[in-house]
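Results of the structural survey
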Amino acid sequence: MTADSGRHESSQTILLKAPLSGHLMPIERVPDPVFAQKMVGDGVSIDPTSQRLLAPCDGRIIQIHSAGHAVTIGLSGGVEVMMHIGLDTVQLKGQGFVVKAKTGDTVAAGDPLIEFDADFIATHAKSLLTQIVVTTMDRLTSLTARSGDVTAGADVILELILTGAKVEAEAAAGGTVTSDAILVPNATGLHARPAAVLANLAKKFKSDIRLRRGDDQANAKSVVAIMGLEVAYGDKVNLVAQGPDAEDAVAALVPALERGLGDEGTVAAPAPASVMVSAGAAPAPRSRSTDPDVLLGVAASPGLAVGNVFQLRHEEIEVAEDAEDPYQERRKLDEAIERAKLQLEALQARLKGEANPGKAAIFAAHQELLGDPGLQEIAVSAINKGKSAPFAWRRAYRTHAEHLATLKNELLAARANDLRDVGERVLRLLTGAEAEQAELPARTILVAEDLTPSDIAEMDRSRVLGFCTTRGGASSHVSILARSLDIPAVAGIDPAALDLGNDAPVILDGGKGTLRLNPSPDEVARIRRLQERQVARRKADLATAVQPAITGDGRRVEVVANIGGLADAEQALRLGGEGVGLLRSEFLFMGRSAAPSEDEQAEIYSEIAAALGPERPLIIRTLDVGGDKPLPYLPIPKEDNPFLGERGIRIGLDRPEILRTQVRAILRASEKGKVLVMFPMIATLTEWRSARALLEEERLKLGLPPIPVGIMVEVPAAAIMAEQFAREADFFSIGTNDLTQYTLAMDRGHPKLAPQVDGLNPAVLRLIAGVVEAAHQQKKWVGVCGGIAGDPQAIPLLIGLGVDELSVSVPAIPGIKAEVRALRLAECRRLAQEALRKDTAAAVRALCPNPLEDDASVPQS
């Protein structure tokens, strides 16, 4: 015994001698995450050359496992040491082991405990590696492991230092912590997104954390394991944490689970059975077309495409099953996974550069799957049993994907395709197989059993006009990507499509979910002529894109861009954009585990402002997230209706540290250009004044001049109170998408109601008219940045109502400017007044034929 004068407590040193002869290796290198990640405790591993396990010191046997492969000894000071012979040896059920002692025996160092048949175990188990682990680490102040070759009963392998009084105090706070029961609030259960949030949170703690439901449990640090548990809405679960920070882990994770882990917590409205065909799962019964020349599927991405069939088949990658050196195979797998992560990071960065954070977020989720311990555990286990890295990895990801595909939860089942995509990416890197790059002819309509997100992101869009797959559904990531890239697509198509010959002429209607076979030459010719005329129109529009948008009688309308990044801003300038009417700052906050810093935000905002120059406006909308579009690091309590809960500015005011950081970055960027800021989802003057005051506080701290501050008019209350807001705000930007759904009380994503959610409804037009009138009375300007700003039928009405600015998607800029130049303000005002008197959106649209469908107005080539 030695005294520690610094703590005035006694300490004790215990030396553990080798229970087996062999070579020592660090516990971290054991090919089993339970030991390598020190979930059981800390210690050392022996690659044994002897076959009799000896007691490493004096003590008492606390437990001998019924399978005879493991024994735990209690030492002085409350220390417990477990010795575990081999890996996965519990599955041998006692075969190959002979126990030489019994529970309760007092033993001395060197006493025999277990004899085993090394040859039998080596050929029937995962590994012979034997772990010596201290399971009561809270009793120690330090543990030192030795290295090299050792002889049983002679050489010291571990030095343990205990601390007396301190040990007892810490023991009371350590050990295993089990949470109270938690009722899962997520309407669709713990699908991919909440599972990823939980896993990310759990990984911050050292403790072993399990999610338990009844008799089933899953590693809470594994996305795939959580999804595989198939936790549904209302299920009762517990968290069980064991380790040094178990209490902190449970305290942090329980509230996150109770709040829904940032998930929207809403139940999707019932959709037709064919709409929810899951990737890899047996499709729901399909409706059969009465027309033999029409194959039916699910409308996945709208648009019309006329082309020729190209059947895409994914070739099976050949792999060798066995390998000689497990260490080399594990190294190959680790390197391939790291290279795959780099590829995904590059792909994610490119997609962010294309200003589509939604697409980028899909591949951020793929990166999370790559780091999933559940996948790697299966692969490494197979490698340690002599399998090659490609064979082991393929079996691992396919096993998980097949399990996901059979789940009842459609969202989880749809993610099976993502797992296959990630798995195949790593497999190609392991085998050196090149990604399939088939020579696609022009005017291709791809037909495949299934496609992956990577297929879509890397598709040659100059040749592919559209695609259809027999698997998948409208909610799959493939469909989401297709919509974002404006590629017509049909999912869950009749399998008869796979029998079509290459080059067969077809018409794909992504909006109706159909594939028309054997179209008549006249029908094909008519559609192609219309498409060619539209191409000619776009060329003509592009030729005059830099010219201002001025009506025939002299009314100028500013046409600016809705963007999500620097690349969009640069493209907008090339297409004649006169500035940025909406920078969706969410692109900076998505696809990451923590909020961007002030410096990072300021740098990016400044780059965009500098690209636009000193005269073109850059209007930055502050972070607009909520229960309907949560962030992993910004968990939001479950809400029955997130559209009526914490969204937009309410989140910013509730979490002011995020809003303050962002407005400081925006203010700093204002030194680089003509920067304006606007707050989203303002409903009351109190919200507006609080947000404006926060901005002003930060401006004064920075000592910078004021910048224009406006609001998004998205809530009917703000439109109705426009006169009051106009006295204080510098400008209005009307977000017609949300304004329409709030005015009509219809969710624009509802499968049945969505067609009725039309921004040209007279009720919405009346609100817009009121906002414009109130603003102009105070000499403030009004822009529209919602969907109808780019709707050709809406343009004359918005101009007639007095809207000053149209903020549209980047590709639409030349066409919108050309349309404005073809109008006259007097006629627009007449149409607008007539539209306000109509009863329905359909009646309003009848007033303004779509110029893009007017053949006579299309320049002839």
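Going by the structure above, here's the rest.
Let us look at the structure shown here. (Residues numbered from 1 in each chain as written. Predicted model: local features only at pLDDT ≥ 70, side-chain atom pairs only at ≥ 80, totals over all residues. Heavy atoms only, no water.)

1. Some points on the packing of helix 20 (residues 656–669) against helix 21 (residues 685–702)
Rule in force here: Where helices are involved, their axes are fitted lines through C-alpha atoms of the stretch in contact, as for all axes, and angles between N-to-C directions lie from 0 to 180°. Numbering of helices and strands runs from the N terminus, with a helix taken as a DSSP run of H or I at least four residues long and a strand as a DSSP run of E at least two residues long. Every angle not falling under 35 degrees, over 145, or within 65 to 115 is termed oblique; those three ranges are roughly parallel, roughly antiparallel and roughly perpendicular. For any pair of crossing helices, the crossing counts as left-handed if the nearer helix is rotated counterclockwise from the farther one by less than a right angle, and right-handed if it is rotated clockwise. Whether two residues touch is decided by their heavy atoms; if any such pair falls within 4.5 Å, the residues are in contact.
Remark: helix 20 packs on helix 21, axes separated minimally by 9 Å, with the N-to-C direction vectors making an angle of 50°. For the element pair helix 20 / helix 21, the angle class is oblique. Here helix 20 runs over helix 21; the crossing is right-handed. For the pair helix 20 and helix 21, the contacting residues are Pro656, Leu659, Arg660, Val663, Arg664, Leu667 and Arg668 in the first and Leu694, Leu695, Glu697, Glu698, Arg699, Lys701 and Leu702 in the second.

2. Some thoughts on unusual backbone geometry
Note: most residues except glycine have negative phi, and most peptide bonds are trans. Within the chain, Lys93 stands out as a residue other than glycine whose phi angle is a positive 55°. Structurally, Lys93 is set in the loop between strand 8 (80–84) and strand 9 (97–99). For Asn518, which is not glycine, the phi dihedral falls at a positive 50°. Structurally, Asn518 can be placed in the loop between strand 28 (514–517) and helix 15 (521–543).

3. Overview of the packing of aromatic side chains
Worth spelling out the cut-off: Aromatic pairing here means that ring centres of Phe, Tyr or Trp (its six-membered ring) are within 6.5 Å. Orientation follows from the plane angle: under 30 degrees is stacked, over 60 is edge-to-face, and everything else is tilted. Partly exposed residues are those whose accessible area sits between 20% and 50% of the maximum for their type, while under 20% is buried and over 50% is exposed, using a 1.4 Å probe and protein chains only.
Here the structure, examined in full by the defined rule, presents 3 aromatic pairs. When the ring of Trp393 is compared with that of Tyr397, the centres are 6.3 Å apart and the planes differ by 50°; the resulting orientation is tilted. Taken together, the residues span about one helical turn, with Trp393 and Tyr397 both in helix 10 (residues 389–405) at a distance of 4 residues. Note on Trp393: relative accessible area 0%, which makes it buried.

4. A short note on the sheet that holds strand 24 (residues 444–448)
Stated formally: Here, a strand pair is defined by DSSP locating no fewer than two bridges between the strands.
Spatially, 21-28-27-23-24-25-26-22 is the arrangement adopted by the 8 strands of the open sheet, whose pairing is mixed. Two strands close off the open sheet at either side, each with one partner strand: strand 21 (294–296) and strand 22 (298–301). Strand-to-strand twist of the sheet, defined as the mean angle between neighbouring strand axes without regard to direction, takes the value 30°. As judged from the 5 bridges shared by strand 24 and strand 25 (residues 464–469), these two strands associate in the parallel manner. The residue bridging Ile445 from the neighbouring strand is Gly466, located in strand 25. Contacts between helix 15 and the sheet are confined to strand 23 (304–311), strand 27 (505–509) and strand 28, with strand 23 contributing the most and set at about 115° to the helix.

5. Thoughts on the side chain of Thr740
Positionally, Thr740 belongs in helix 24 (residues 736–744). On the accessibility criterion, Thr740 (3% relative accessible area) is buried. Here Thr740 is in contact with Val757, Asp758, Gly759 and Val764, once residues within four sequence places are set aside.

From the geometry alone we can't say anything about function, so treat these as descriptive.
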